[in-house]
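Single-letter residue listing:
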Amino acid sequence: MQTPVIIVGAGLWGGLLAWFLLKRHPRLEFILYEENTNLGGSHTWSFHETDVDLEGLELLRPLIRKSWPSYAVKFPGHERRVELPYHTITSAHFDSVLRAELPEERLRLGRRVSPLAALKETPIVFDARGITPWVRCAHQKFLGLELQTRRPHGLTTPILMDATVEQIEGLRFLYYLPLDDHRILIEDTRYSETSFLDHYRLRQQLLTAASGRGWEVEAILREEHGALPIPFSRPPAADETGVLNLGGIFHDTTGYSLPDAVRLIDRLTRSTFGLKDLRRIITDYRRSREADRRFFCFLNRLMFSASDEAQRYRTMEFFYRGSETSIKKFYRGELTHLDRLKFFLGRPPVQLGRAMDVIFERGGAYESAQ
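Residues numbered from 1 in each chain as written. Predicted model: local features only at pLDDT ≥ 70, side-chain atom pairs only at ≥ 80, totals over all residues. Heavy atoms only, no water.

Caption draft 1: Structural detail: the overall build of the chain. Summing up its helical and strand segments, the chain has 12 helices and 15 strands in all. Looking at the chain as a whole, 54% of its 370 residues are labelled buried. Contacts in the chain between residues far apart in sequence, at least 24 positions, make up 78% of those at least 6 positions apart. Total accessible area on the chain is roughly 16,400 Å²; 52% of this is exposed by carbon and sulfur atoms. (Helix = DSSP H or I, 4+ residues; strand = E, 2+ residues; numbered from the N terminus. Buried < 20%, exposed > 50% of the residue type's maximum accessible area, 1.4 Å probe, protein only. Contact = heavy atoms within 4.5 Å. Areas by Shrake-Rupley, 256 points an atom, 1.4 Å probe, with all protein chains shown as cover.)

Written out as structure tokens, the structure is:
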């Protein structure tokens, strides 16, 4: 009999791990613990189709709530339509599909458990709570409202970034995700030195933005919010407690975690699920991402220290003037040396003197950002 497995945390990572295990190791005994009473919390996870490998995508398809063939971005000096398929998973759909498929005896909802304590029951314990301490980082913070409009809103293509809005606290953009003819998610996202969110003010600004598009809001169906770390240095080393820690693995500039989650979980669930193999796969995956993660942390330092708050949007505007191939590689988080060099070709979107300070680590605003 295979060793039973315990997964602590039923957010994106824990839920996906349980889903992949169910499909690839249906005889493997595992228990999924979650301190809340639902799976996935209250979130929306979106990704480009090319962010994940084909087999991983096929396993994901039942969890996908909505897909589009392309999306748009808007900046003060540039706007375009990007012809890359884009998908989204909502936590409500995630919860519904997982509950329907996972045997009830494998779920322990409303139960808080320590991963270290769980080691007393089995040697294979995954900590999928996503808890990682950060010292040098800024934040990608957001508040979103899922709205129901009285009449069809008319938006058929997602707008990933509308940075034509007032630039407050640094890079700021609105994100529009049309879920059906009458339902749309609109988010205010800011790359900021602080994680503080003024919930009331942001709600009012989002409703004003919806009204400005001529949408009559019939109901606010759901709210989501969060503050993702935007690191300025490499993440701390994984702990050596014996727990298989899945925390701190994500795209350091976008904050997206789903692509890494799918790729790593795909590798884990292709194995025989022995403890040594699992630990080696996680270690090897982290190491394979180190060079790109260092580069993205460097980009983050440039964005925050080499340009004024009101001009930070120019970094992303500059990026979106590139080819769709470059966009694919950037979001997938896998860049060649030439890809990295392309970020600095042409007229740079930052102040050169301050950029040199960042390159040679001569201080800057990012040093004190917490």
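Caption draft 2: Quick look at the pattern of salt bridges. Here the structure, examined in full by the defined rule, presents 33 salt bridges. In this structure, the salt-bridge partner of Glu55 is Arg24, at a minimum N-O distance of 3.2 Å. Here Glu55 is found in helix H2 (residues 54-60), whereas its partner Arg24 is found in helix H1 (residues 12-24), with 31 residues between them in sequence. By relative accessible area, Glu55 is classed as partly exposed at 40%. As a salt-bridge pair, Glu216 and Arg151 come within 3.3 Å of each other at their nearest N and O atoms. Taken as a pair, Glu216 in the loop between helix H5 (199-212) and strand S14 (217-231) and Arg151 in the loop between strand S10 (137-149) and strand S11 (159-162) lie far apart in primary sequence, 65 residues in all. Classification of Glu216 as partly exposed rests on a relative accessible area of 34%. Taken together, the salt bridges that share partners define one network made up of Asp53, Asp260, Arg263, Arg289, Asp292, Arg332, Glu334 and Arg340. (Salt bridge = Lys/Arg side-chain N within 4 Å of Asp/Glu carboxyl O.)

Caption draft 3: Geometry of the pairing of strand S13 (residues 183-192). Burial analysis of S13 places 9 of its 10 residues in the buried class, the great majority of the element. With 10 bridges connecting them, S10 and S13 associate as antiparallel partners. In the strand pairing of S13, Phe142 is matched with Thr189. As defined by bridge partners, strand S12 (residues 172-178) adjoins S13 across 7 bridges and the pair is classed as antiparallel. Directly across from Pro178, in S13, lies its bridge partner Ile184. Connecting the antiparallel pair S12 and S13 is a turn made up of 4 residues. (Pairing = 2+ DSSP bridges.)

Caption draft 4: How the structure looks around the pairing of strand S5 (residues 71-75). Counted residue by residue, S5 has 4 buried out of 5 residues, so it is predominantly covered. Relative to strand S6 (residues 78-82), S5 is paired through 5 bridges, and the arrangement is antiparallel. Bridged to Tyr71 within S6 is Val82. For S5 and S11, the ladder comprises 3 bridges, and the chain directions are parallel. Bridge pairing in S11 places Val73 opposite Met161.

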